[in-house]
Each structure stands twice: as structure tokens, then as C-alpha cells.
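What follows is each chain in one-letter form.
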Amino acid sequence: MSGTALLQASGVSKRFGGVTAVDTVDFSLAEGELRCLIGPNGAGKSTFFKLLTGQLAPSTGTIKFRGHDVTHAKTHEIARLGVGIKTQIPNVFNGLIVRENLYVSAIRINKPARARAIVDEVLARLALTDIADRLVGVLAHGQRQWVEIGAVLAQEPDLILLDEPAAGMTHEEVARTAQLIREINRTKALIVVEHDMQFIRMIAKQVTVFNQGRILVEDNVEHVLANQAVRDVYLGKRAA
Amino acid sequence: MSPLFTGRAGFALVIAAGVIVTIALPLIDGMFGLVQATVFIAMAVLALSLGFIWGFGGIMCFGQSAFFGLGGYAYAIAAIDFGGSSWAVLLAIAVPAAFAAMLGYFMFYGRISDAYMGVITLTVAVILYNVMNSTSGSQYHIGAAELGGFNGMPSVPPINLPGDPSAALSPLQFFILSMILLMAVYTGLRLLLASRFGRVLVAIRENETRAMLLGYDPRFYKLVAFAIGGGIAGLSGCLFTNWGGFISPTAFSLAQSAQIIIFVLLGGIGTLLGPIMGAVAIEYLITLTGTQHRFDANLILGVILLGFVLLVPQGVVPAIAAQLARVIPARRRAGASSQTVTAP
Amino acid sequence: MALLGLILFNIINGIAVLVLISIGLAVIYGMMRIINLAHGEFLMLGAYATVLSTNAGVNLWVSILIVSPIVVGLFGLLVERCIIRFLYGRLIDTMLATWGLSLFMIGGITTLFGTTVEGVSAPLGAFNIGPYHASLYSVFSIAVAAAMLGGVWSVLRFTKFGLIVRATMQNPPMAAALGVAPNRIYMLTFALGAALTGLAGGVLAPVAGVAPGMGAAYIAKAFITVIGGGAAIVTGSGLASALFGTIDQIVTFQTTPVIGQVALLIAAIIMIRILPQGITGRFFRRSL
Ligand SMILES: Nc1ncnc2c1ncn2[C@@H]1O[C@H](COP(=O)(O)OP(=O)(O)O)[C@@H](O)[C@H]1O
Ligand SMILES: [Mg+2]
């Protein structure tokens, strides 16, 4: 398993003072895999993503990406290895137009002409072409999420982390996002944090459930949704 | 953000205006006015240096006068020691740029907050001021150049034609050279902002976390921008020293640093043309009141800075731009700004 | 041996001066997260208050210990009401506004009293450390510095005002919910910081060159001390003063005061690379 894993987290914990947000998590993702991460609010999902992207340093444990130890690597170094993330609270360049947001992302490893081509491609793919020249700061929350996803795609990473990508989207947008995720997964590995069970059913094969910083279950989607422990901590409140 | 001055047409307009000033001013103004205008230009270059790092790099530098003064002293010392001016001009840019790079390394790689950065840069300028003030006496010299303490260094050799130390520039020639350098710095910064480096720099200003998540190291970009700003401020110090043939610790003073901040605030943060205008306006105002001798210049600068922060926090040029933005159709605006990083 | 004693005395004196010139700044920064760039001019105002009132016939000790802190404290109150309170939560704007204030004060004092003023001379004379003379007035300023540190600590630790201040610092909305008006607390805190600075200015008046621009001689050291100390007011400025005062005096003894100041700056810059939050950002976090 560890020999072929794209991402391997072993015994990873993160403590904030007295709170243990992530508690000795062992997590492994294969090349090309699509994984859903679910769990109640405060379960530690976003914190786990921050550990994976170097925005926070783990208190204990190690994280490896394609065999490189990235436990204490800087955020930009991890990004350069090919990890892209859409954060839960949108991180976009508000003072730049949509096109520039994507261009800054694409230009890091590409020549200008190629970068422009990538930008046009991503704009078309995410149906952002009409608003390509608008300032991101004035866009609605949902649109800014799309811009952020666009920036991540233009970065052309090998692993994409999406933290609640469907939050605040309309029904139709959620379906489009699910479609997009399946499309992306043809060439790239993804980890998606989501609450919406409809959405999970649309995209997931394998699901990892977080609860109070620990992994509660890890199984395929049917088993997880049928699991009583999962229903107790999480689904009981939401799904009928 | 102003639509009028962005894009190629806007750039051509600004440069055309610069050329007209270069040609017309010597014709309509007397020698006194021309010499006066030259110091305005030196200040405009200084304003550009801060306008660039603050407006586009988001770097809070409260001690830009440190680099201005270092440039001035580096020129003076080198011009006295080497005889000619070519090396002196280069050193006036290189020494402050290197100093900024060194200081920037500690600040950016230490990840200190904006407020701390403001305080540290200000402190550096104050300490340079105190140090230069205490260099009275002949034991303080570099080569043949005596530093002169609070009296400063008088009779600094002026810029000469390259390779011929005896051919000093006339006031008219020096005015034209200053204008050319101002336009060159402006053009260079526009090109830089339109390049990959400039776009990433502005992106970092907008959201440092996102930039890191895309694989950019903000510390490095800020360091380079800060060093470039230091070099430009040094060039301004060189022009200033040439203008009066004189440099003193006042160049490092807090009032000098405050002036630079006011140039940029008044002209508008996030623009290049704004700080130039701000510098000219403030210098003109100080010249006017300076002839009155009733108030201390500090009093006026203080009132402007205070009033500005309390009343118009976003700057005059953006305020005007916001007015224009309402008049000019939205579609055209969008089209114009997509062509370039908005750098009027 | 006597030389060692003299050096030690100078080090303690250097530390005391750092405490004097930084404690008011530290109070305002620590409690309100406001960096007062007019701090040097508050010192200057305190010095002027002592010099002018002494020249007008008031007893020197009364001028230093009572007139200066009251004058500058009231001035601070005025500044808080007219400027600072409009800028809460806007740190950079506050810095720019107080910078404007600093220039305004320099310009104002220059316009009113010219560029020089007749000073007062240091009282008390000297005492001997072996063959060396040391100033008794320095002993007085060391005592004032120690009293200031102890006083601020006691106020924070033991008084109701101190309790409210600590609560407000940690959580302004909650303090407001408890019926404490944060606005009033901020106002009083700023006035207190200003008064301490005024007292320091008064203490410095007999030994400093009193002039409109005299603040520049002190603010660099004051800023370095406060930034180096970090958020805890008493522990932070105490420890930072001890560290930087020692460095300053030792280097000054070996070379000149100006090189001492450069050494201070270099030490401070290296420290922000290692401890960006200051000494108390890393150690002694729960201290006052
Ligand atoms: N920077 C932080 N400081 C202190 N506690 C934090 C911080 N970030 C997250 N936490 C805590 O860690 C826990 C997990 O939070 P988070 O990772 O955001 O959960 P999720 O994304 O699963 O909703 C929560 O209890 C939260 O309050
Ligand atoms: Mg979350």
C-alpha cells in the first residue's frame, strides 16, 4: 500500500492548546483515487487539509507525498510538488479580475502563451467566460468558489483537495460540480470534503468519516451510509 | 484602478505629457523655476519607489528615507573618492538596494506583521539619522570624503558626461536628465508590473495565502520588490544630492519619510502616476509656505497627514477614479483592465 | 574592580532609561494594540512641561513628578478623544495619524517656542565609585524607572481598573457584556500611557538636550524595546530593557553611543527573525 500511495499520512495529530483537532490519523490515498471526507462540523477535516498543504505543521506524525517527506515543508513547496486546494473559506485574489486569478495560477510553470491557453480552457470548462473580466471581489460567493476551483485547475496539480466545494451552491450548480469532479478524476486524484449526502452519493466510491479528530470508519459509500456508528455521530441529524 | 490611464493608450499619454514638460518647461520657466522643478522630479522618483512597494507589493515601509539618504551619501562619497560620476551613480542605486535586500531578508523571512514592518523600517531610518548626525570631525571619513556630521557633506561633485569628469552637466541638462530618468523609472515599473513577476507580486498583495497555495514564495517576491524600491529611492537620493551639491542627515529624517508617505497617500495607493502627482503637489505647497516663514513645514505636513487619514483614507486619485468609473460605461472599463495589471 | 562597578552602574542606568522611555509606549501597545508614533513627541512634551514650569518658578521635583505627567496625560486624553477613537481596529491608520500628530507637535512647539529652550541642569551632584564619579541623578532615574515598572504591574494585578483592563484586552465584547464600557477603558489607558511618557520626559529633561526634535533620539530605542518585549507590558519591557540595555552599554563602553545604538538595532532585527512575537510572545506568555 505505502509503496504505491500518492499521499500517506501516518499518526498525524494537531493540537491547538487543549483541543486536539486531528488525533493520530493514518490516511492513505492511491494515485488517481477519488476520496470523500465527511464528518460533523469541528471533526477536524479542514485542519487535516491544512496539515496536508503545510498551512499548519502537525504536532506529531509524518506526511509523505509521492514518497517525499512533506511533514514540515512550506506551503509553496508542497504546492510545487503538485498539490492544489480549494479552501473552505474562499482564498481568491479579490482585487484582480477572474482571468488574472487563473493566469497567476497558470503562469508559474508555463510560458505566457501556454498559460493564456490554459486560462481560456479552464474559463470555458467552468462556464466563467462571461464574467472573465469582472473583479472577483464583486462576485457572489458561489461564483468566487468557482473562480477558486478554476485557479486550482489552472495550476494543473496531481492531487486536488476540495473543502466543501458545494457549500452555498444551487441544486443545479451542485450537480454540475459533481459532474466536474468526476471529469477531473479521470486524470487526477481528489479528496473532497462535503456534507451533502446527495452529492456524496453522486461522486463517491470510497469514503472516510472523521469524528472528533479521529477516523471513525473508512469504507465504500454504501457501507458507510449504512453504518450505525456513522448515523449516530453524523447522519442522524441530517439524513432521514 | 482608473480606466483613463491604463492600457497602452494611457501609457502613451503619460509619456507624451512627460516629453512635453521636458521640452516646454525650459522654454517658459526661468532658471530658478527650472532648478526648482528638478527637485520636484527627484521627489517624484522617490514617491514612485514607495508607490511601487506599498501600492503593488503591499509592503508597509515607514522609513523609505533610509534608502534615499543612503543613495545620496553613496553618491557623494563615491563622487568625491572616484572623481567621476558614473560609478557614483551606480553605487547610489546599488548600495541602498543591497541594504534593502538585507533588511528585507530579516523582515520578510521573519514573517513580521505590517505594523511591525512599519516600525522597524522607521527605526532603521531614525538610527541612520542618528548615526550620520554623530559623524562630525575629520576622523569620520571614507577615503577622502569627510562625512561631516549634522552639517552634512557640501560641494559634492555634480554628474558629468560619462568618462569626462570635467564636463559637468548644466542645470538645463540636469533637468532633462532627471526627466528622462523619471520617465525611465515609470516605464520600467509599468513593464515590471505587466510581467510575470509583477502579476505575482500584485497577487501576493491581494492574498498571500492563495499565492502560497499556488506555489509562490511571497517572501522572495517581496524581498525583490523591496530591493528594487530601495534602488529607486537611492537614485532619487542621487538626483537630490546633485541638485544641491549637498547631502545631510536630514535626508534620513522622519519628516522626510513622512513626506514620502504623504506623496503616495495623497496621490493614491495602487497607482504609479498618483505618487508622482502627489510629490509635485506637496513639494509645490512646501515651496509656497517655505517663502512665508510663518509656519514650520512639519506643522503643515502633520496637518495634511492627520487630516488625510481622518477624512480621505483611500487617496485622492482613487477617489477621482471612482468618480470617473461611474461615468465611463462598465463594458469598456472591463475590456481595458483585462489588458493589463491596472497600473496608471 | 571599581571600573567593573562603574560599568555595572552604567548598565543598570542604561536599562532604567530604556524602561523610562518605553513603558508608556508598552502600556498603550500592550493594552490597546496601538503603536503611538508620536511617542517621542510625548516625551518631548513632558520635558518641555518640566523645563517651562521650572523656569517659571515651580520646584524642579514638582515639575518632574507632577506637572509633566499631568500635562501629558491630559494631552493624551485629548488626543484619544479627538483622533484615536475614530481609528480603533485600523492599526496602520492609527500609526499614520499619530505620525501626523508627531510632526504637528514638532512644528507646533517650534512655532511657539523656537528651536531651542533654556534647559534646567541636573540636580544632586555626584558620588564616587572608587576613583570614578557617577551622577546621583541617575540613581533617581533608576528609582523612578523601578517605581514605574512596579506601579504598572501593581495596577494591572491588584486594582479593579487593572482587572477590567485585562478583561477588555482579552475579549472586548465580553467585557462590554459585563457592563464595562471598552471605550472608557481605552480612553483611560491611553491617558495613563501618555502620563507615564510625560513623567519619563520630565525625568529626562535635566539630562537631555530639550528641543522640538528631541524625540528622534529616543523613539528608535523605545520601539526596539517594545517590539523586542512583545505583548506582556511589564515583563516584556522589563526583559527587553535588560537585554538591550546591557548590549547597548557594553558596546557603548567599547566604542561610542552611536555604535551602541547600531548594535541595538542589529540585535533587534536578528531577534525579529528568531522571535517575531518578541520575548513574551514565546516565553512568559501568561505574564502581565
Ligand atoms: N486555528 C485554530 N485554533 C484553535 N482551534 C482551532 C483552530 N482551527 C480549528 N480549530 C478547532 O479544531 C477543531 C476542528 O476544526 P475544523 O478542522 O475546522 O473542523 P471541520 O472542518 O471538520 O468542521 C474545532 O474544534 C475547531 O474549533
Ligand atoms: Mg471545515
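Residues numbered from 1 in each chain as written. Chains lettered and ligands numbered in written order. Predicted model: local features only at pLDDT ≥ 70, side-chain atom pairs only at ≥ 80, totals over all residues. Heavy atoms only, no water.

Turning to the overall build of chain A, a few remarks are in order. In terms of regular secondary structure, chain A is built from nine helices and 10 strands. Taking 240 residues into account, the globule formula puts the C-alpha radius of gyration at 18 Å, and chain A, at 18 Å, falls close to it. Overall, chain A is about 50 × 40 × 35 Å in size when its C-alpha atoms are taken along their principal axes. In chain A, buried positions account for 56% of the 240 residues. Expressed as a percentage of contacts within chain A between residues at least 6 apart in sequence, the contacts between residues at least 24 apart total 66%. A gap of 3 Å separates the mean positions of the 28 positive and 25 negative side-chain charges of chain A. (Helix = DSSP H or I, 4+ residues; strand = E, 2+ residues; numbered from the N terminus. Rg over C-alpha atoms; globule rule 2.2 N^0.38 Å. Buried < 20%, exposed > 50% of the residue type's maximum accessible area, 1.4 Å probe, protein only. Contact = heavy atoms within 4.5 Å. Lys, Arg positive; Asp, Glu negative; His and termini not counted. Charge placed at Lys NZ, Arg CZ, Asp CG, Glu CD.)

Moving on: the arrangement of the chains. In this assembly two pairs of chains touch, with chains B and C having more contacts than any other pair. One finds no contact between chain A and chain C; the C-alpha atoms of the two approach each other to within 13 Å at their closest.

Moving on to the environment of Asp219 of chain A. Residue and element names in this part refer to chain A. Mapped onto the secondary structure, Asp219 falls in strand E10 (residues 214-220). In this structure the C-alpha to C-alpha distance between Asp219 and Asn185, which are 34 residues apart in sequence, comes to 19 Å. The contact partners of Asp219, leaving out residues within four places of it in the chain, are Lys205, Gln206, Val207 and Val224.

All names here are of chain A. Among the five residues in strand E3 (residues 34-38), five count as buried, and that is most of the element. Inspection of the sheet shows E3 paired to strand E8 (residues 189-193) by four bridges, in the parallel sense. In the sheet register, Arg35 faces E8, and the bridge partner there is Ile191. Two elements, E3 and strand E9 (residues 206-211), share four bridges in a ladder whose sense is parallel. Residue pairing in the sheet places Ile38 in a bridge with Val209 of E9. (Pairing = 2+ DSSP bridges.)

Bringing the packing of helix H6 (residues 171-194) of chain B against helix H7 (residues 196-206) of chain B into the picture now. Residue and element names in this part refer to chain B. It is at 4 Å that the axes of H6 and H7 come closest, and there the two elements cross at 75 degrees. Our classification of the angle between H6 and H7 gives roughly perpendicular. Within the contact between the two elements, H6 uses Leu192, Leu193 and Ala194 and H7 uses Arg196, Phe197, Gly198, Arg199 and Val202. (Axes fitted to C-alpha atoms, helices over the stretch in contact; angles between N-to-C directions. Parallel < 35°, antiparallel > 145°, perpendicular 65-115°, else oblique.)

Take the interface of chain A and chain B next. With 29 residues of chain A in contact, the opposing surface of chain B contributes 22 residues. Regarding the contact of chain A and chain B, the summed buried area is about 2200 Å², with carbon and sulfur atoms giving 61% of it. Close ionic contact of Arg210 of chain B with Glu148 of chain A constitutes a salt bridge, the shortest N to O distance being 2.4 Å. Applying the counting rule to chain A against chain B returns 14 residue pairs in polar contact (both at pLDDT 80 or more). Of all the secondary-structure elements, those providing two or more residues to the side of chain A that touches chain B are helix H2 (75-81), strand E6 (83-86), helix H3 (98-106) and helix H5 (141-154) of chain A. Across the side of chain A that touches chain B, the residue classes break down as 12 nonpolar, 10 polar and seven charged. (Buried area = accessible area lost by both parts, 1.4 Å probe. Salt bridge = Lys/Arg side-chain N within 4 Å of Asp/Glu carboxyl O. Polar contact = N/O pair within 3.5 Å; in protein donor to acceptor, adjacent residues only side chain to side chain. Nonpolar A, V, L, I, M, F, W, Y, C, P; charged D, E, K, R; others polar.)

Right, let's get into the nonpolar core. Formed by 254 residues in total, the largest nonpolar core has its most connected members in Phe226 of chain B together with Trp99 of chain C. Broken down by element, this core gets its largest block of residues, 15 residues, from helix H1 (residues 2-32) of chain C. Core analysis: the second largest hydrophobic core is formed by 28 residues, Ala9, Leu37, Val70 and Phe210 of chain A among them. (Core = buried A, V, L, I, M, F, W, Y, C linked by side-chain atoms within 4.5 Å.)

Here the focus is the UniProt feature "transmembrane region" (unreviewed entry) in chain C. Residue and element names in this part refer to chain C. Per the UniProt record, the feature "transmembrane region" (unreviewed entry) sits at residues 6-27, 58-79, 91-114, 134-156, 187-211, 223-246 and 258-276. The span residues 134-156 is 91% helix and 9% strand, and its two end C-alpha atoms sit 34 Å from each other. Secondary structure content for residues 258-276 is 89% helix and 0% strand, while the C-alpha to C-alpha distance between its ends is 25 Å. (UniProt positions renumbered as here; feature names shortened; annotations may be inferred.)

Around the magnesium ion (ligand 2), the donor atoms from the protein are Ser46 of chain A (OG) and Gln88 of chain A (OE1), and they sit 2.1 Å away. Of this pair, Ser46 of chain A sits in helix H1 (residues 45-52) while Gln88 of chain A sits in the loop between E6 and H3, placing them 42 residues apart in sequence. (Donors = N, O, S within 2.8 Å, 3.2 Å for Na, K, Ca; no water.)

So, on to the environment of Ser28 of chain A. All names here are of chain A. Within the secondary structure, Ser28 sits in strand E2 (residues 19-30). Of the residues examined, Ser28 reaches a relative accessible area of 11% and is grouped as buried. Residues Ser28 and Leu123 lie 95 residues apart in sequence; the distance between their C-alpha atoms is 32 Å.

On to the site of ligand 1. All names here are of chain A. Inspection of the region around ligand 1 gives Phe16, Ala21, Pro40, Asn41, Gly42, Ala43, Gly44, Lys45, Ser46 and Thr47 as its neighbouring residues. The side chain of Ser46 places a nitrogen or oxygen atom 2.8 Å from an oxygen atom of ligand 1. Contact with the protein chains hides 60% of the accessible area of ligand 1, taken as 560 Å² for the molecule alone. In terms of residue class, the shell around ligand 1 is built from four nonpolar, five polar and one charged. (Near = heavy atom within 4 Å. Areas by Shrake-Rupley, 256 points an atom, 1.4 Å probe, with all protein chains shown as cover.)

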